[in-house]
Amino acid sequence: MQPIGTGIGAPMRRVEDARLLRGAGRFVDDVAAPGAAHLVMLRSPHAAARIRAISTAAAQAMPGVLLVLTGADVAALGLLRCVTPRHRRDGSPIRQTPWRMLAEDRVRYVGDAVVAVVAETRAAALDAAEAVAVDYDPLPAVTALAEAARPGAPAVWPDIAPDNESFVFRLGDAAAVAAAFARAAHVARLDFCITRVSANPLEPRNALASHDPIEDRYTLITGTQLPHVMRNEIAEHALGIPSSRLRIISPDVGGGFGMKESPFPEHVLCLAAAKLLGRPVRWTATRTESFLADTHARDNLSTAELALAADGEFLALRVGTLCNLGAYLAWQGPVSATNNVGGLAGVYRTPHICTEVRGFFTHTQPTAPYRGAGRPEAIYAIERVIDLAADQMGLDRIALRQRNLIPAAAMPFRTGLDYTYDSGDFPRNMALALEAADWAGFETRRAASAGQGRLRGIGIANAIESAGGPHRGPLEEAAEIRFDSGGSVTLLMGSHNHGQGHETVFRQIACTQLGIPPGRIRFVNGDTDLVTHGRGTIGSRSMMAAGGALVGAAERIIARGRRIAAHLLEAAEVDIEFAEGSFRVAGTDRGIGIEDLARRSYIPGALPMGEDLGLSALLISRPGDATFPNGCHICEVEVDPETGETALLSYVVVDDVGTVINPLLVKGQIHGGIAQGYGQVFGECIRYDGAGQLLTASFMDYALPRAGDLCGFTVLSNPVPTTTNPLGAKGAGEAGTVGALPALLGAVADALRPLGVTHFDLPATPERVWAAIHGAR
């Protein structure tokens, strides 16, 4: 058996698994806090209501109760704001919704926070919360997006958006698109719904807050994807203090998926209560509370129209979308519906594309980014309308795609909407996937299933996404390499690890750059006092942004090491070579290892007068541009027409994520993304009744996928490295989800096609599939 490598490209097993699989992880609830009090939230039972009065006297008199806070008590605190600039229909800036830590005069969704109770124990806090009396005046509510967009619908914010419309976002040349449609031989039109989902990370949201009265300084320990960004946001905009007076520690985090990038009221309330009480205060959401209080995601209604010439050439694409923002503008609420619409171009040469997105308020939880954040929705639009066009024109759906694919020789390619792809070989992706999935043999398999009374379908989706954006202006990231006086090295990374395997892959990068075995490299992230700066982990950005910064920091270490080595080895700096962890004088056997050099760099007198002691480098840098991971997904399903149950039989994906740092981890990311896409297609769906009550507030009603629902995945790689960052990496964290939605739903539609069903909206639950089958019959 060959030894497993440890540098870039090696399938190195995750080093963090040694503790996580043994139950030795350190999550927020594992952090001991002697004397900590417990916070519990009282939430609105109404989707829309005025608050007439709140009586807290009975709760305050109960044993163990330390503090009962209402909106009036915390009115001096700031607001949770939206940081995504968008515009209203008249061109004026989007109006902020005052999202307070506790509602004052109105509640706007079931779960809106009304009262915070702090007690010696969680049980005492729960009992006291039940004793709070709130006098509500219920108001008409609207939770469905289509209803909210209709004239005369109940207004969530009568003074801000009387028609519930928050913003209108347009991109593309609408006139050129209209001209192309006018000369088209055929127009395919698809109305579709992307359902609302909840992130449901394994570890619920939480907070453990404390306050140091001597320094007048706060510490918040919480599971977050963006420690530094959240520190600045909470300190400056919620607490009204300099960011230096708030420390955020994010230890092991049990999943985030975008939902944990945002600040929430509970973070701020725990901090405020900790200062008022002079003791730590902690809060952890229950699972039902997570359904009621976490941000939700997706929830769009769209119409996609594809104009084609008689030979199947794509002439233009037009997409109109309504997006559900919920009751408040979340921190990055409009991002998913607007920031990644360039993905509507897909991997095709469509010359003219335009889109209009309208954001609407409803009496539901705010929506925010979730794995993919608009990318799955965009690829779903183009791939599903292509399938529909092929059906209507009597064309083969593979041939139609091949006719319009962007060839590799055309790179860099400016698409019909916003993006310029720098690299990729889309035709080869599809060719490899078709071969691996045995597309040519599918009809034989379909006939075999039919012989057993089953309906078999096959779906395909060519996926591409913008990763690490925003496009044309990626945000910076920080990496620091610090050698101590003993010669040991520590990596301090601004990105955050919450399942991606950063502790492993950044060690691999450092191993390749510096020649130090991973086992001798310490890794630190998630502490704003220890790590100088960071943008955190979102949008599949860590390898391109943080990895690129780490490569640059390593280059600075090597450059300084050459100067030190030249002095120690009594040679000219130009004669010093560095390879495999050692500095050597070219053409001789004289050299010094980097760890020994680091140790000697701290010795007084070892370096020339005026030379700084020590060996370290901090780099805060920006990648050259966003990257564009891409791939082809093909899957097969089998439907039981008697029950509507759908079985996933096979799944093949060929992905181009650029330079593959660790193939094991890339496959793991792809697997997880496919599983989340599967969940949304076949079961996950947030539902409300007509009064705005959440009907899916537990896993009895919200159907997450189980391991037995999935098949084995075949993941192949077709890497075409990008030139926009030093590693050539493109991102992999969201790629699986981006292609999974259209591929899986396309397979279901293909299974039902013999019955005359050409499209089927999410979710493909057994009940809905059965109804479609019997409706067609």
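As a starting point, this report considers the structure included with it. The numbers attached to residues start from 1 for each chain and follow its sequence in the written order. Per-residue local features of the predicted model are confined to residues with pLDDT of at least 70, and side-chain atom pairs are confined, for both listing and counting, to 80 or more; whole-chain, interface and lining totals are unaffected and use all residues. Note: side-chain values were computed over all heavy atoms of the structure, leaving out hydrogens and water.

**Here's the deal with the sheet that holds strand β28 (residues 713–717)**
Selection criterion: Here a strand pair is declared whenever DSSP counts at least two bridges between the two strands. Put simply, DSSP H or I for four residues or longer makes a helix, DSSP E for two residues or longer makes a strand, and each gets a number counted from the N terminus. Lines fitted to the C-alpha atoms define the axes, with helices restricted to the stretch that makes contact. Angles between their N-to-C directions range from 0 to 180 degrees. What makes two residues a contact is simply this: any of their non-hydrogen atoms within 4.5 Å.
With respect to topology, 4 strands assemble into an open sheet ordered β18-β26-β27-β28, the strand pairing being mixed. A single partner strand is all that each edge strand has here, and the edge strands are β18 (455–464) and β28. Within this sheet the neighbouring strands show an average axis-to-axis angle of 10 degrees, counted without direction. Of the pairings in the sheet, the one linking strand β26 (residues 630–639) to strand β27 (residues 646–656) comprises 10 bridges and is antiparallel in character. Bridge pairing in β27 places N630 opposite D656. On the sheet, helix α17 (residues 663–682) packs against β26, β27 and β28 and is oriented at approximately 140 degrees with respect to β27.

**Let's talk about the side chain of E477**
Counted only if it meets this: Buried residues are those whose accessible area, probed at 1.4 Å on protein chains only, stays under 20% of the maximum for their type, while exposed residues exceed 50% and partly exposed ones sit between those limits. By the criterion applied in these results, polar contacts are pairs of N or O atoms within 3.5 Å in which, for protein atoms, one can donate a hydrogen and the other can accept it, and in which residues neighboring in sequence qualify only through two side-chain atoms.
Within the fold, E477 resides in strand β19 (residues 477–483). A relative accessible area of 0% means that E477 is categorised as buried. A distance of 3.1 Å separates a polar atom in the side chain of E477 from the backbone nitrogen of R535.

**Points about the packing of helix α6 (residues 227–239) against helix α7 (residues 265–277)**
What counts here: By definition in this entry, angles of less than 35 degrees are roughly parallel, angles greater than 145 are roughly antiparallel, angles of 65 to 115 are roughly perpendicular, and the rest are oblique. For any helix crossing, the convention is left-handed if the near helix is rotated counterclockwise from the far helix by under a right angle, and right-handed if that rotation is clockwise. For this scheme, ten residues count as nonpolar: Ala, Val, Leu, Ile, Met, Phe, Trp, Tyr, Cys and Pro. Four count as charged, namely Asp, Glu, Lys and Arg, and the remainder, Gly too, count as polar.
Where α6 contacts α7, the two axes come as close as 11 Å, and the packing angle between them is 65 degrees. Looking at the two axes, α6 sits roughly perpendicular to α7. The element α6 and its partner α7 pack so that their crossing is right-handed. Residues M230, I234, A238 and L239 of α6 touch α7, and the partners they reach there are H267, V268 and L271. Residue classes in the contact of α6 with α7 are distributed as 6 nonpolar, 1 polar and no charged.

**Things to note about the packing of aromatic side chains**
Note the threshold: Two aromatic rings from Phe, Tyr or Trp, using only the six-membered ring of Trp, form a pair when their centres are within 6.5 Å; if the ring planes differ by under 30 degrees the pair is stacked, by over 60 it is edge-to-face, and anything between is tilted.
Per the stated rule, a full pass over the model turns up 14 aromatic pairs. Residues Y419 and F628 carry aromatic rings whose centres are separated by 5.1 Å and whose planes lie at 55 degrees to one another, so their mutual orientation is tilted. Linking Y419 in the loop between β16 (413–414) and β17 (420–421) with F628 in the loop between β25 (615–621) and β26, this pair joins segments that are 209 residues apart in sequence. Looking at Y419, the relative accessible area reads 2%, which means it is buried. For F628, a relative accessible area of 1% gives the class buried. For the ring pair Y678 and F682, a centre distance of 4.6 Å and an interplane angle of 40 degrees mean the geometry is tilted.

**Re helix α11 (residues 397–404)**
Note the cut-off: As used here, the arc belongs to the directions running from the helix axis to the C-beta atoms.
Taken together, the buried positions of α11 are occupied by R397, I398, L400, R401 and N404. Projected down its long axis, α11 shows its buried positions confined to an angular sector of 165 degrees, all on one face. In this structure, the buried residues of α11 make contact with β13 (296–308), β14 (314–326), α10 (375–393), α12 (426–436), β18 and α18 (735–752). Structurally, the start of α11 carries an N-cap: the backbone nitrogen of I398 is 3.0 Å from a side-chain oxygen of D396.

**Remarks on the environment of G515**
Tracing the backbone shows G515 in the loop between α14 (502–514) and β21 (521–524). A residue is classified by how much of its surface remains accessible, and G515, at 31% relative accessible area, is partly exposed. For the pair G515 and F578, spaced 63 residues apart in sequence, the C-alpha to C-alpha distance is 9.4 Å. Those residues in contact with G515 that sit more than four places away from it in its chain are A510, E580 and G581.

**Things to note about unusual backbone geometry**
Of note, the bond from M411 into P412 is cis; its omega dihedral lies within 30 degrees of zero at -5 degrees. If you trace the backbone, P412 turns up in the loop between α11 and β16. For D299, which is not glycine, the phi torsion reads 65 degrees and is therefore positive. Looking at where D299 falls in the secondary structure, it is placed in strand β13.

**Concerning the pairing of β21**
Let me state the cut-off plainly: Look down the strands so they point away from you; if going from the first strand over the helix to the second traces a clockwise path, that crossover is right-handed.
Bridging between strand β20 (residues 489–493) and β21 involves 4 bridges; their strand directions are parallel. In the strand pairing of β21, L491 is matched with F523. Handedness of the crossover joining β20 and β21 through α14: right-handed.

**Thoughts on the sheet that holds strand β5 (residues 113–119)**
The mixed open sheet is built from 7 strands, whose spatial order is β3-β5-β1-β12-β9-β10-β11. Looking along the sheet, the strands with just one partner apiece sit at the ends: β3 (65–69) and β11 (246–249). Averaged over all pairs of adjacent strands, the angle between strand axes in this sheet comes to 20 degrees, irrespective of strand direction. Relative to strand β12 (residues 281–284), strand β1 (residues 37–43) runs parallel, the two sharing 2 bridges. Note that in β12 the partner of H38 across the bridge is R282. The sheet strands contacting helix α3 (residues 122–131) are β1, β3, β5 and β12, and the helix crosses β1 at an angle near 30 degrees. Here α7 sits on the sheet in contact with β1, β3, β5, β9 (206–212), β10 (217–221), β11 and β12, set at roughly 35 degrees to β9.

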